[in-house]
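Architecture and fold: a report
Chain residues, written in single-letter form:
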Amino acid sequence: MKTIPEFLRDRQSFYVTESSDPTPTPRSVPVKRLISPATLSDLRPGQPGDYSDHRTAVDAVEEHPHWLDGIGIHIAPPLLAIVIRYCFQPSWTLYKPIRELMKGLSGYWERSPLREDVWGVIWSPTPVVGTEGWFHGNRALVYTEAHLNLTGETFRGVSGDPGPTNHERLAQFLKEIH
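In this report, the structure presented in the accompanying data block is examined. Each chain carries its own residue numbering, running from 1 in the direction its sequence is written. Per-residue local features of the predicted model are confined to residues with pLDDT of at least 70, and side-chain atom pairs are confined, for both listing and counting, to 80 or more; whole-chain, interface and lining totals are unaffected and use all residues. Side-chain calculation: all heavy atoms of the structure are included, whereas hydrogens and water are not.

1. Observations concerning the overall build of the protein
Put simply, DSSP H or I for four residues or longer makes a helix, DSSP E for two residues or longer makes a strand, and each gets a number counted from the N terminus. When helices and strands are counted, the protein shows 4 helices and 9 strands. By residue count, 44% of the 178 residues in the protein fall in the buried class. When checking whether two residues touch, look at their non-hydrogen atoms; a contact exists if any pair is within 4.5 Å. When contacts within the protein are restricted to residue pairs at least 6 apart in sequence, long-range pairs at least 24 apart make up 70% of them. Using a 1.4 Å probe, accessible areas were evaluated by the Shrake-Rupley method; residue-level cover was limited to the displayed protein chains. Accessible area of the protein: about 9,300 Å², with a carbon and sulfur share of 54%. Each residue's exposure class comes from its accessible area (1.4 Å probe, protein chains only) as a fraction of the maximum for that residue type: buried when under 20%, exposed when over 50%, partly exposed otherwise.

What follows is the structure, given as structure tokens:
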């Protein structure tokens, strides 16, 4: 997962995953055990020492490919997770308002394990309350505390090394979904 932007790489927020269902169906999300890259034991969410930086998590997966198969990130302030549900056209391209929102907010965006959804990790030092609502006919959810099992499936022209979050656009988005 080389797509993780610099603003996230050094955060002590990463964990690794183990798949508990080797044969998921196409519409299901495999249940994954969360593992600490620091201890290689079950992740204890209340223990900051169980998380690592991105490089350490990648190394753990590379050293144990028979057991570990992915990386995730713990979302906690000042990070936010924004999930937009069912936002692809029949051609599997994003609806234009969703793509414009992603570009306008900046942050790190990828396709979620549910193939019809996208999610983004946004940096917001201004406190935000988690919420949900509708954005151009799509369900939108904002989480201030979450665990995201990352897919690494980013969007060309949207992710990469984004600039700082556009706080005016974030405030406008939060108003729009209420």
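Continuing now.
2. Description of the sheet that holds strand β1 (residues 14-19)
Any two strands are treated as partners once DSSP identifies two or more bridges connecting them. Taken in spatial order, the 4 strands make up an open sheet running β2-β1-β3-β9, and their pairing is antiparallel. Taken across any chain shown, the strands that pair with only one partner, and hence form the sheet edges, are β2 (32-35) and β9 (146-149). Pairwise comparison of adjacent strand axes, ignoring direction, gives a mean angle of 35° for this sheet. The pairing of β1 with strand β3 (residues 70-75) spans 4 bridges and is antiparallel. Residue pairing for β3: Tyr15 is matched across the bridge by Gly72. Convention adopted: a line fitted to C-alpha atoms gives each axis, helices being fitted over their contacting stretch, and angles between N-to-C directions are expressed from 0 to 180 degrees. Most of the contacts of helix α2 (residues 54-63) go to β1, to which it runs at about 25°, and overall it touches β1 and β3.

3. With respect to the side chain of Glu18
Within the fold, Glu18 resides in strand β1. Polar contacts, as counted here, are pairs of nitrogen or oxygen atoms within 3.5 Å of one another; within protein the pair requires one atom able to donate a hydrogen and one able to accept it, and residues that are adjacent in sequence qualify only if both atoms are side-chain atoms. A polar atom in the side chain of Glu18 sits 2.8 Å from the side chain of Arg33. In this structure the side chain of Glu18 is engaged in a polar contact, spanning 2.3 Å, whose partner is the side chain of Trp67. Leave out the neighbours within four places in its chain, and Glu18 touches Val31, Lys32, Arg33, Ile35, Trp67, Leu68 and Asp69.

4. Focus: the packing of aromatic side chains
The rule is short: rings of Phe, Tyr and Trp, with Trp giving its six-membered ring, pair when the centres are within 6.5 Å, and they are stacked under 30 degrees, edge-to-face over 60, tilted in between. Taken as a whole, this structure holds 3 aromatic pairs when the rule is applied. Linked through ring pairs, Phe88, Trp92 and Phe155 together constitute an aromatic cluster.

5. Brief notes about the environment of Thr126
Locating Thr126 in the fold gives a position in the loop between β6 (118-123) and β7 (131-135). Between the C-alpha atoms of Thr126 and Pro78, which are 48 residues apart in sequence, the distance is 7.5 Å.

6. Here we look at the pattern of salt bridges
Should the charged atoms of two oppositely charged side chains come close, the side chains can pair. Any Lys or Arg side-chain nitrogen found within 4 Å of a carboxyl oxygen on Asp or Glu counts as a salt bridge. Considering all chains together, one arrives at 11 salt bridges under this definition. Close ionic contact of Asp50 with Arg44 constitutes a salt bridge, the shortest N to O distance being 2.8 Å. For Arg44, a relative accessible area of 46% gives the class partly exposed. We note a salt bridge from Arg169 to Glu176, for which the minimum N-O separation is 3.1 Å. One connected set of salt bridges, linked through shared partners, spans Glu18, Arg33 and Asp42.

7. Examining the sheet that holds β7
In any sheet, the strands associate via hydrogen bonds between backbone groups, in a parallel or an antiparallel arrangement. Within the open sheet, the 5 strands sit side by side as β5-β6-β4-β8-β7. Their pairing is antiparallel. Here the strands that pair on one side only, and so sit at the sheet edges, are β5 (108-111) and β7. For this sheet, the mean inter-axis angle between neighbouring strands, taken without regard to orientation, is 20°. Direction of pairing for strand β4 (residues 79-84) relative to strand β8 (residues 138-143): antiparallel, over a ladder of 4 bridges. Looking at the pairing, Val83 lines up with Leu141 of β8. Together, β4, β6, β7 and β8 form the strand contacts of helix α4 (residues 167-176), whose direction differs from that of β7 by roughly 85°.

Everything listed here is a matter of coordinates, which is why it stays silent on function.
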